[in-house]
Amino acid sequence: METKIALIGTGGTIAGKGASNTDLTGYTAGVLGLDEILASVPGTKPYGPYTYTQFSNIESSDITVNHWLELSKLVQKLVNRDDIGGVVITHGTDSMEETAYFLNLTVHTDKPIVITGSMRPAGAISADGPINLLQAIQVARTPSSVGKGVVVVLNGYIDGARDVSKCNTTNVATFDSPLVGHLGIVQDGVAHYYKTSTRRHTQASVFDVSKLSELPRVVIMTCYGGMDDMVPMSVVATNPDGLILTGL
Ligand code: ASP
């Protein structure tokens, strides 16, 4: 059976538009639909057919844990289908690493799940969205992407969801895995892997969110020298389900 790639649009700069094509920062994210983004990408036909889901169209700084739960369930439903060979998600870069890691821990599959976005809005000079989306699709179609877990593809690099970080606010070379390095590269329409993550993910993950309608309220707090007790105590006073301190 010829499988399909399931494309999911969530918003971000890849769906963003600026007032002029030389404006690389003063734009509105999450404006264009998945169909409009795709129309600007040449060369996708050989990697199809596709299914399309517009999950949301928002800045990724507006993504909440409820979005993650819903997105995880949607991706699980798609990968459970025999006619779907892989999933490609377009997403804002601000919270891309969080979304990737959440899906890496909660979607149970060996099928490729690839997340991409852009640093420059659609239509801008040297926009990176079209090439990033094409390369994300090519990674999803590469047989060696099976079993790699959720990966982030931007700027020709493939990074594992567990390790990837956005490292620069504006540069197109922003995604990296500072501790372990990129998993691989995309070249001539194919993913080339140099390493794989040995940590449990996707198919082997112990996490199951399929029956959850909400996640516990966990607060993450960065500690710093001279931090006043008032800061953590004001959070404790709200009675969260958990508190993670990024300690000194
Ligand atoms: N603010 C944007 C977002 O995360 C940035 C981007 O997509 O690059 O939605």
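Keep in mind the model is a prediction, meaning the values are calculated, not measured. (Residues numbered from 1 in each chain as written. Predicted model: local features only at pLDDT ≥ 70, side-chain atom pairs only at ≥ 80, totals over all residues. Heavy atoms only, no water.)

1. Some words on the site of the ligand
The local shell around the ligand consists of G12, T13, E59, S60, G92, T93, D94 and S118. In the model, an oxygen atom of the ligand is placed 2.9 Å from a nitrogen or oxygen of the T13 side chain. Between the ligand and the protein, one listed contact pairs an oxygen atom with a side-chain N or O atom of T93 at 2.5 Å. Per-class residue counts for the shell around the ligand are no nonpolar, 6 polar and 2 charged. (Near = heavy atom within 4 Å. Polar contact = N/O pair within 3.5 Å; in protein donor to acceptor, adjacent residues only side chain to side chain. Nonpolar A, V, L, I, M, F, W, Y, C, P; charged D, E, K, R; others polar.)

2. Quick look at the sheet that holds strand 8 (residues 157–160)
Pairing is mixed in the open sheet, where 8 strands are placed in the order 4-1-5-6-7-8-11-12. Where the open sheet ends on each side, the last strands, each with one partner, are strand 4 (50–58) and strand 12 (190–193). Averaged over all pairs of adjacent strands, the angle between strand axes in this sheet comes to 25°, irrespective of strand direction. Across 4 bridges, strand 5 (residues 84–90) lies against strand 6 (residues 113–116) in parallel orientation. Following the sheet pairing, I89 is matched in strand 6 by I115. Against the sheet, helix 3 (residues 96–106) engages strand 5, strand 6 and strand 7 (150–154), with an angle of about 155° to strand 7. (Pairing = 2+ DSSP bridges. Helix = DSSP H or I, 4+ residues; strand = E, 2+ residues; numbered from the N terminus. Axes fitted to C-alpha atoms, helices over the stretch in contact; angles between N-to-C directions. Contact = heavy atoms within 4.5 Å.)

3. Considering unusual backbone geometry
P49 follows G48 through a cis peptide bond whose omega is 0°. Non-glycine residue S126 carries a positive phi angle of around 55°.

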